[in-house]
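# Understanding the architecture of this molecule
Listed here are the chains, written in short residue letters.
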Amino acid sequence: MQVRGYLYNKATVRNQVARIGSLTEKSFGDLVQSIDGHFALVSISDETAFVAVDRVRSIPMFYAWDGHRWVISDNANALIDRFKWGNEDRNPDAARALAMSGYTIGSDTLYQPLKTLTPGQAVILKPDGQDHIIQYNRYSAWDVVDVSQEDALETLTRTTLSILEKLARSVDGRPIFVPLSAGLDSRLIVSGLRHLGVKNVKCFSYGIPGNHEAQAGEKISRDLGYSWRFVPYTIPKMRAFFASEDHANYLQHADTGTNVPFEQDLPAIRALEEQGYLSKDGVIVNGNSGDFISGGHIPKVFGHLAPDATKDQNLDLVIQSQIQKHYRLWEDLDQDGFNAQIRTRLQDQAQGLPLETSGLHGVYEFLELVNRQSKYVISGQRIYDYAGYDWRLPLWDTEYLNFWQEMPYRFKANQSLYKAMLLKNNWGNVWGDPSYHFPQKTAPSWIRVPRFLLKVAHAPVGAKQWHKFEKRYLTYWMEPLQAQAVVPYSTVAKDRRGARHMVSWHTEKYLNKKGLSWRGEIQ
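Residues numbered from 1 in each chain as written. Predicted model: local features only at pLDDT ≥ 70, side-chain atom pairs only at ≥ 80, totals over all residues. Heavy atoms only, no water.

With that settled, the discussion passes to the overall build of the protein. Tallying secondary structure elements over the protein gives 23 helices and 13 strands in all. Over its C-alpha trace the protein gives a radius of gyration of 23 Å, about what one expects of a compact globule, namely 24 Å for 523 residues. By its C-alpha atoms, the protein is 70 × 60 × 55 Å across when sized along the principal axes. Evaluated residue by residue, the protein yields a buried proportion of 56% over its 523 residues. (Helix = DSSP H or I, 4+ residues; strand = E, 2+ residues; numbered from the N terminus. Rg over C-alpha atoms; globule rule 2.2 N^0.38 Å. Buried < 20%, exposed > 50% of the residue type's maximum accessible area, 1.4 Å probe, protein only.)

So, about empty space enclosed by the protein. All chains considered together, the criterion is met by four cavities of 30 Å³ or more. Considered as a void within the structure, the largest cavity measures approximately 160 Å³ in volume. Lining the largest cavity are 16 residues, with Glu263, Gln264, Ala483, Met502 and His506 positioned closest to its centre. Of the residues assigned to the lining of the largest cavity, the class counts are 13 nonpolar, two polar and one charged. (1 Å grid on protein atoms, 1.4 Å probe; cavity = no way out; pocket = protein on both sides within 12 Å on 5 of 7 lines; lining within 4 Å. Points joined across faces, edges and corners; volume = space filled by probe spheres on them. Nonpolar A, V, L, I, M, F, W, Y, C, P; charged D, E, K, R; others polar.)

Attention shifts here to the sheet that holds strand S11 (residues 227–232). Spatially, the five strands line up as an open sheet ordered S11-S10-S9-S12-S13, and their pairing is parallel. Each of the sheet's edge strands pairs with one partner strand only, and the pair in question is S11 and strand S13 (390–392). For this sheet, the mean angle separating the axes of adjacent strands, direction not counted, is 25°. As defined by bridge partners, strand S12 (residues 283–285) adjoins S13 across three bridges and the pair is classed as parallel. Paired with Val285 across the strands is Arg392, a residue of S13. Of the strands in this sheet, strand S9 (176–179), strand S10 (201–207) and S12 touch helix H6 (residues 184–195), which is tilted by about 145° from S9. (Pairing = 2+ DSSP bridges. Axes fitted to C-alpha atoms, helices over the stretch in contact; angles between N-to-C directions. Contact = heavy atoms within 4.5 Å.)

Attention now moves to the nonpolar core. Counting residues in hydrophobic clusters, the biggest one holds 153 residues, and the most contacted among them are Val190, Val201, Trp396, Tyr400, Trp404 and Leu417. Element by element, the count of residues in this core is highest for helix H14 (residues 360–377), at nine residues. Excluding anything up to four places from it in sequence, Val201 contacts Ile176, Val178, Val190, Leu193, Tyr226 and Ser227. Listed in part, the 15 residues of the second largest apolar core include Leu7, Val13, Ala52 and Ala122. (Core = buried A, V, L, I, M, F, W, Y, C linked by side-chain atoms within 4.5 Å.)

As a further point, take the environment of Thr155. Residue position: Thr155 is located in helix H5 (residues 149–171). Residue classification places Thr155 among the partly exposed residues on the basis of a relative accessible area of 26%. Between the C-alpha atom of Thr155 and that of Met421, which follows or precedes it by 266 residues, the distance is 9.9 Å.

Contact geometry of H5 with H6 gives a least axis separation of 10 Å together with a crossing angle of 80°. The angle between H5 and H6 falls in the class roughly perpendicular. Each of Thr160, Leu161, Leu164 and Leu167 in H5 lies in contact with H6, whose residues at this interface are Leu188, Ile189, Gly192, Leu193 and His195. Looking at the contact of H5 with H6 residue by residue, the classes come out as six nonpolar, three polar and no charged. (Parallel < 35°, antiparallel > 145°, perpendicular 65-115°, else oblique.)

Using the criterion set out here, one finds 29 aromatic pairs in the structure. Geometrically, the ring pair formed by Tyr436 and Phe438 is edge-to-face, given 6.5 Å between the ring centres and 80° between the ring planes. The exposure class assigned to Tyr436 is buried, which follows from its relative accessible area of 10%. Ring centres 6.4 Å apart and planes at 65° place the aromatic pair Trp446 and Trp477 in the edge-to-face group. Of this pair, Trp446 sits in the loop between helix H18 (416–425) and helix H19 (448–457) while Trp477 sits in helix H21 (residues 475–478), placing them 31 residues apart in sequence. With relative accessibility at 52%, the residue Trp446 sits in the exposed group. Residue classification places Trp477 among the partly exposed residues on the basis of a relative accessible area of 24%. Among the aromatic side chains, those forming a connected cluster through ring pairs are Tyr400, Phe403, Trp404 and Tyr418. In this structure, Lys202 packs its charged tip against the face of Tyr277, placed 4.4 Å from the ring centre. (Phe/Tyr/Trp six-rings, centres within 6.5 Å; stacked < 30°, edge-to-face > 60°. Lys NZ or Arg CZ within 6 Å of the ring centre and 35° of its normal.)

Turning our attention to the side chain of Gln405. With respect to the helices, strands and loops of the structure, Gln405 is situated in the loop between helix H16 (398–404) and helix H17 (409–412). Within the local environment of Gln405, its side chain forms a polar contact with the backbone nitrogen of Ser140, the two atoms lying 2.9 Å apart. Among residues more than four places away in sequence, those in contact with Gln405 are Arg138, Tyr139, Ser140, Ala141, Asp143 and Lys412. (Polar contact = N/O pair within 3.5 Å; in protein donor to acceptor, adjacent residues only side chain to side chain.)

Below, the discussion takes up the environment of Ile133. Looking at the secondary structure, you find Ile133 in strand S8 (residues 131–135). If sequence neighbours within four positions are ignored, Ile133 has contacts with Tyr63, Leu117, Gln121, Ala122 and Val123.

The structure is reproduced here in structure tokens:
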């Protein structure tokens, strides 16, 4: 058996493997279900292959049938290059979904013969070319429990400390590197580690000079007694990065055929390596994705549900909310025919899920987890793989998944329970005090005066026109990661298609490299 990733319970898994002997469908499902960690695994038994990913697909797996045998890899490009699939092998539904959101839906890839697993899945690949999917776990966030806030707070505190203690034990004294921002999640990581007495922690922030995320990172890390470094992202530096061989190699490494690669940490990591601040014996730990799992992505409409709504009406609400929030990379793709394609695929994915009002928010969360979170968001871990670092995802821990999927909407709305836990415990004394509130500010400083004057000039035409103008002509310079530098400023300023943000441009370039247009159509 080959395993990639990290297991917190290696001894238990080894013992179970020894007892199992020859794997069967049931024993394989039981084995994978018992693993605590983030992983992908492959086992070959009597010419039958057993493949699995963890509950959030932190390490994706891909497979294809060559007519004689199964070919398996954790790198989609290895299979794409081997099989040399052409236009006749395209998956048009997948291409359209990726064009509209930056990722595909469910198990879809850009190529029909290329198969992948979704969160909580395993597959048995048989020598006759048959593949049998096992859904060994599903994030059932609709199956809520009735619990008091006091009990929920106590359990959440205990669970959070448990996963941080596991993290500390697993790194075994190695340095922990934390990309630190103004948000709740990375601050939870560093403050919780300080509370547990972990000393070998080094923090870093990056982005446009003067951004509030970096100011927060500096204050929090200094107050906790941890070292901190800042890596400035500027338009010239990011243009050079996007044109570099290192960037091209990373895109090749991180290409999954299911999402546009996530890129934001890589320039910072390279700069910190040159400074000698990072070392390959360390472990990178980010806050991915506490805001999602604690309820921060649930639209407010789920707090105002009609109690007498039918299941069809509830399903329509879930699907429409997904489309409005995640499938709007380009205004010009907001068309009835395109939306209908997405709607059909999401409805297929939601088939058989409970649609009662009490847990409807959980259906929404499930669809986001198996699509956006497990593809685009978690794909940021490929940066650390590419750069040669171990990593951990404590806020995607099995204990956290088990806890949060049971929480009712009232505890997830506005992340109320999560925030209450952070304020109550005040680990590291970096919560609650007004000095730890970091309001956003316009950066870089040189654009503040002209932006103000332009905003005043737009007052007669209203806020909507001002925001359209700002997005088109100013955001290029103000975007915290300077990531729109992947295209020239003139391209953004002249655009009439209605790009939503920097992911729109990165997605277009990704599709173009695949021989597809920004609409997901064959060029």
